[in-house]
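Understanding the architecture of this molecule
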Amino acid sequence: MKKTLKCIISSAVMASMVMSIASCSLFDKAGKLCTEVGDEYLTAALARDIDDISELCTDEDEAVDALSPYMGDNDPVQALLDRATFEAGKPDCSTKDGKGSIEYTVTLPDYDAALDEDPEDVDDFEDILDELKDTVEITVTVDFKLKKDEWLVDNPDELAEDLYEELFDVNYGFESPRAQLIDHEYFYGSDDDVYSDVSTLDLDIYFTDSDTFDFSFEVVYQGNVIFESGTRTDYSYIYCYCYYEDTTLYQSGEYYFPEGQYTYNVYDGNGELIVSHTCTVA
């Protein structure tokens, strides 16, 4: 009888332990919750929506610092991200530990194959991407941390490094990487890019970094190049002066640029376009 009773108690204890373990596993929704946050995070990442991305992170300021260099206009990168999809791997998340991780696979059109067809511009690049069947995959690991009963992303720097940096480092051929480093630009002395009675056109461009680089620019008027600067070297900011007397338009006794539109095309040392900006002489 005692033996039987011991068996019953032992079985009951064992069953209780099994139920307890199963219960923890069954009712811990960490994996599901992390996946929901991770999916929202990747969706915002493909849209390059820094506000939505940072709000899903444990440290919003850290996220902004890590990701803001990749939030400027970049048409070829955005063309790829607009056509990208993602898939979450098996979540490894635990409420008890307050930590978790999911490996995401981001699938994009094969941009190398598209560039092999020598697209002339972004529109041409997008047309080629839409016809491509080949794809490439990029793995992005998302780490999570439980903060005040809310799962948040804890490693935005890896998104910057594994996804954005990978795509920003591609030489698309029709746009200079320096285009993404422009902080601001304007025609000095103009009123909203409009001049009057002016003998100098001056496009000033300021960059977010201080690296030294080569550049050149041309000025186009009525479809003709009227001035070419030749190669120059500068950093952080560049002043693109064009004096009327140095252009092919110059005539003795005249001092001011004729009325019309003047387009500056600024190139890096590889001949890739940094910016194209137009002003008007009225």
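Below is a short write-up of the structure.

So, how was this worked out
Residues numbered from 1 in each chain as written. Predicted model: local features only at pLDDT ≥ 70, side-chain atom pairs only at ≥ 80, totals over all residues. Heavy atoms only, no water. Helix = DSSP H or I, 4+ residues; strand = E, 2+ residues; numbered from the N terminus. Buried < 20%, exposed > 50% of the residue type's maximum accessible area, 1.4 Å probe, protein only. Contact = heavy atoms within 4.5 Å. Polar contact = N/O pair within 3.5 Å; in protein donor to acceptor, adjacent residues only side chain to side chain. Patch = residues over 30% accessible without salt bridge, like charges linked within 9 Å, V, L, I, M, F, W, Y side chains within 5 Å. Areas by Shrake-Rupley, 256 points an atom, 1.4 Å probe, with all protein chains shown as cover. Salt bridge = Lys/Arg side-chain N within 4 Å of Asp/Glu carboxyl O. Phe/Tyr/Trp six-rings, centres within 6.5 Å; stacked < 30°, edge-to-face > 60°. Lys NZ or Arg CZ within 6 Å of the ring centre and 35° of its normal.

1. Looking at the environment of S54
Along the polypeptide, S54 turns up in helix α3 (residues 50-55). Look at S54 and you get buried, because its relative accessible area is 4%. Along the primary structure S54 and L152 are separated by 98 residues, whereas in three dimensions their C-alpha atoms are 9.8 Å apart. With residues near it in sequence (within four places) discarded, S54 still touches E60, A63 and V64. One polar contact links the side chain of S54 to the main-chain carbonyl oxygen of I50, over a distance of 2.8 Å.

2. Describing a nonpolar patch on the surface
Together, Y237, Y239, Y241 and Y243 give the surface a local cluster of nonpolar side chains, amounting to about 350 Å² of exposed area. With respect to the helices, strands and loops of the structure, Y239 is situated in strand β12 (residues 237-243).

3. Observations regarding the environment of P156
Relative to the helices and strands, P156 resides in helix α8 (residues 156-168). Setting aside chain neighbours within four positions, we find P156 in contact with Y41, C57, E62, A63 and L67.

4. So, the packing of aromatic side chains
For the structure shown, the criterion picks out 21 aromatic pairs. On the numbers, 6.2 Å between centres and 85 degrees between planes, the contact of F187 with Y195 is edge-to-face. Comparing F187 with Y195 shows no difference in burial state: the two are buried. Ring geometry for F187 against Y264: centres 5.4 Å apart, planes inclined by 70 degrees, an arrangement best described as edge-to-face. Of the two residues, F187 sits in strand β6 (residues 182-187) while Y264 sits in strand β13 (residues 260-268), which places them 77 residues apart along the sequence. Taken as a pair, F187 and Y264 share a single burial class, namely buried. Members of the aromatic cluster, each reached through a chain of ring pairs, are Y186, Y206, Y235, Y237, Y239, Y241 and Y243. Over the aromatic face of F207 sits the side chain of R178, whose NZ or CZ is 4.5 Å from the ring centroid. The residue whose ring lies beneath R178 is F213, and the NZ or CZ to ring-centre distance is 3.8 Å.

5. A look at the pattern of salt bridges
Under the criterion given, the structure shown has three salt bridges. Taking the shortest distance from any N to any O, the salt bridge between R83 and E126 comes out at 3.4 Å. Taken together, the residues span a long stretch of sequence, with R83 in the loop between α5 (75-82) and β1 (85-88) and E126 in helix α7 (residues 122-131) at a distance of 43 residues. Measuring nitrogen to oxygen at the nearest pair gives 2.8 Å for the salt bridge that ties R178 to D209. One end of the pair, R178, is in the loop between α8 and β6; the other, D209, is in the loop between β8 (200-207) and β9 (212-221), with 31 residues separating them in the sequence. One salt-bridge network, held together by shared partners, links R83, E126 and D130.

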